[in-house]
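Below, each chain spelled out in residue letters.
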Amino acid sequence: MYRNQIYIDGQWVQTEEQMDVYNPADGKVIGTVPKGGKREAQQAVDAAAAAFSDWSGRTANDRGELLRRWHQLITDHTDELARIMTTEQGKPLKEAAGEIRYANSFVEWYAEEGKRIYGETIPGSSSRQRIIVTKQPVGVVAAITPWNFPASMITRKVAPALAAGCTVVIKPSGETPFTAIKLVELADEAGIPAGVINIVTGPSSDIADVWQKDSRVRKLSFTGSTEVGKQLMAGAATNVKKISLELGGHAPFIVTDQADLDQAAAGLISSKFRNGGQTCVCANRIYVQESVAEKFAAKFTELVKQLRVGNGLENGIDIGPLINEEAVDKVVRQIKDAEEKGGVILAGGQAHPDLGGNYVEPTVIMNATDDMECMNEETFGPLAPITTFKTIDEAVKRANNSPYGLAAYVFTQNLGEAVKIAESLDYGIVGVNDPVPSTAQAPFGGFKESGLGREGGHYGMEEFLEVKYISLGL
Ligand SMILES: NC(=O)C1=CN([C@@H]2O[C@H](COP(=O)(O)OP(=O)(O)OC[C@H]3O[C@@H](n4cnc5c(N)ncnc54)[C@H](O)[C@@H]3O)[C@@H](O)[C@H]2O)C=CC1
Ligand SMILES: O=C(O)[C@H](O)CS(=O)(=O)O
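Residues numbered from 1 in each chain as written. Chains lettered and ligands numbered in written order. Predicted model: local features only at pLDDT ≥ 70, side-chain atom pairs only at ≥ 80, totals over all residues. Heavy atoms only, no water.

An unreviewed UniProt entry annotates the protein chain as Aldehyde dehydrogenase originating from Paenibacillus glucanolyticus.

Would you mind going over the nonpolar core with me for this structure?
For soluble globular proteins, the rule of thumb is that nonpolar side chains tend to be buried together. Formed by 56 residues in total, the largest nonpolar core has its most connected members in W70, L162 and I197. Tallying contributions element by element places helix 4 (residues 93-113) first for this core, with nine residues. Setting aside residues no more than four positions away along its own chain, I197 makes contact with Y7, W70, V158, L162, V168, I170, V184, A187 and I192. F253, A264, L268 and A297 belong to the second largest nonpolar core, which has 37 residues in total. (Core = buried A, V, L, I, M, F, W, Y, C linked by side-chain atoms within 4.5 Å. Buried < 20%, exposed > 50% of the residue type's maximum accessible area, 1.4 Å probe, protein only. Helix = DSSP H or I, 4+ residues; strand = E, 2+ residues; numbered from the N terminus. Contact = heavy atoms within 4.5 Å.)

Sorry if this is basic, but what is going on with the UniProt feature "active site" (unreviewed entry) in the protein chain here?
What UniProt calls "active site" (unreviewed entry) maps, in this numbering, to E246 and C280. On the basis of their most widely separated C-alpha atoms, the annotated residues across 35 residues gather in one place, lying no more than 8.9 Å apart. From the set just named, the residues that line the largest cavity comprise C280. You can see E246 is positioned in strand 11 (residues 242-246). Excluding its chain neighbours within four sequence positions, the residues that come into contact with E246 are R156, F222, T223, G224, L406, F444, G445, G446, S450, G453, R454 and E455. (UniProt positions renumbered as here; feature names shortened; annotations may be inferred. 1 Å grid on protein atoms, 1.4 Å probe; cavity = no way out; pocket = protein on both sides within 12 Å on 5 of 7 lines; lining within 4 Å.)

Can you help me understand empty space enclosed by the protein in this one?
Over the atoms a probe the size of a water molecule is rolled, and this reveals where empty space is left. Under the definition given, this model contains three cavities of 30 Å³ or more. Within this model, the largest cavity holds a volume of roughly 80 Å³. Lining the largest cavity are Y102, F149, M153, R156, R274, T279, C280, V281, S438 and F444. The residue inventory of the lining of the largest cavity, partitioned by class, reads six nonpolar, two polar and two charged. Two domains each donate at least three residues to the lining of the largest cavity, and these are domain 1 (6-247 + 450-473) and domain 2 (251-432). (Points joined across faces, edges and corners; volume = space filled by probe spheres on them. Nonpolar A, V, L, I, M, F, W, Y, C, P; charged D, E, K, R; others polar. Domains from an automatic or database assignment.)

Hey, could you run me through the UniProt feature "domain: Aldehyde dehydrogenase" (unreviewed entry) in the protein chain in this one?
Feature annotation in UniProt assigns "domain: Aldehyde dehydrogenase" (unreviewed entry) to the following positions: residues 12-470. As annotated, residues 12-470 comprises 41% helix and 21% strand, and the C-alpha atoms at either end are separated by 42 Å.

Which parts of the structure should I look at to understand the site of ligand 1?
In the vicinity of ligand 1 lie 26 residues, with T145, K171, S225, L247 and E378 positioned nearest. A distance of 3.4 Å is found between an oxygen atom of ligand 1 and a side-chain nitrogen or oxygen belonging to R156. Take E246: an N or O atom from its main chain is 3.3 Å from a nitrogen atom of ligand 1. Its free accessible area being 830 Å², ligand 1 has 85% of it covered by the protein chains. Its atoms largely coinciding with the cavity grid, ligand 1 occupies the largest pocket. Where the shell around ligand 1 is concerned, the elements lending two or more residues are helix 7 (204-213), strand 10 (217-223) and helix 8 (226-236). Among the elements that take part in the shell around ligand 1, helix 8 stands out by supplying three residues, more than any other. Class assignment of the residues belonging to the shell around ligand 1 gives a composition of 13 nonpolar, nine polar and four charged. When residues of the shell around ligand 1 are sorted by domain, at least three fall in each of domain 1 (6-247 + 450-473) and domain 2 (251-432). (Near = heavy atom within 4 Å. Polar contact = N/O pair within 3.5 Å; in protein donor to acceptor, adjacent residues only side chain to side chain. Areas by Shrake-Rupley, 256 points an atom, 1.4 Å probe, with all protein chains shown as cover. Sits in = over half its atoms within 2 Å of the grid points.)

Here it is in structure tokens:
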């Protein structure tokens, strides 16, 4: 069912040692992938470096045409890709199919955007000088991606990199390699030349160590935890690589007394429980203005109690299993901590009593306080802690009191209040009455310890380009 090979220089490669891949729904092994190491990592960079001259020398139209073929093949294989993703990651099939479409939207967008890499001329300092500013591809790109969005975190890097004329080496998460391998298989089928895309699975630190030390790798693009991001940022200093980091988040979700409470409650369901809460942009702290807190909590809790938990491959499931036992332990630990500190459980409150395994009940906790773990540490699970506030200034101050700065949300029907709050929040993404703002044409990225750089839109293209200034003496 799953290709269990890695792809280097246009060849599908096996390794003696293999790594098991598990289905989080039942803990069973669904297959194995190569345990690639330093040798495979080096071979991948060798291939990408060798392919760079031809690929970067092609026109943006040529590269765009191949990206368009890749886009069509991903479209044709959406159901197969979604089923692979749900089996190795756990998210419900409908969400997995949604992610494939979202992932594919980056391929479509950058197939065109490569044709819009503009330079400029600047008036010279003398009549005999012409100033020309051009953009050129940065070179070989290393992409290291997480398990929670196994498709879109790859295409959000690879599509702009290829459109810019870069070649790439990819290390997907060991939890979800099959989605990545299938995407690369379709790129191969689309006719993207050997060496342009390479994928290696195996121990991440061995592979990353090779890529960090190889000066031909000119750009590292990483999505994952802030902890690992900091390690990679330090390593990139070895030969001053350009780096993009999409790291952790801890999103505040503010509901003012001017909000449409039904809209806000439905919005919180979308933000909080997408991918079972395993997204870097999902609501982690819910701040509700005092006068509407009880009414809002009742509406939200009613919706939470209707959510169905189960195997993502079954119909009608809203929340699948978390990725592994450690993820479950973290959520249960945060629930217990919140209860010990005075939190009141309105819904859920435990690992799933009937399903067991990696399943957790969607949980709502009222009377949350700022000293609780869940109000400070990224949950990455289906836990919604609600606290109240008196004034807008208080809400903004508490919302900004975090080392993270990725996404934030505010629900209000008062335009002036919305603008004031959105402009005051220290976050790279602010959803105003919009619980899922992510889209291919907009810049995705965070302030503070949530990362560096942006992905999506023309901002995402700049991450794979170098600016060159040519001074022309006449
Ligand atoms: N800001 C964003 O867009 C996103 C942030 N995240 C964050 O990532 C975390 C969950 O994803 P995980 O995959 O568990 O994160 P993770 O940081 O453990 O792993 C991410 C990737 O890095 C690799 N990796 C792990 N240790 C490494 C090392 N020492 N050197 C090189 N590579 C290494 C992993 O194999 C995986 O491919 C959460 O904290 C979440 O907030 C996840 C997705 C998107
Ligand atoms: O990794 C994530 O959490 C994603 O970046 C969130 S989104 O792009 O799907 O909104």
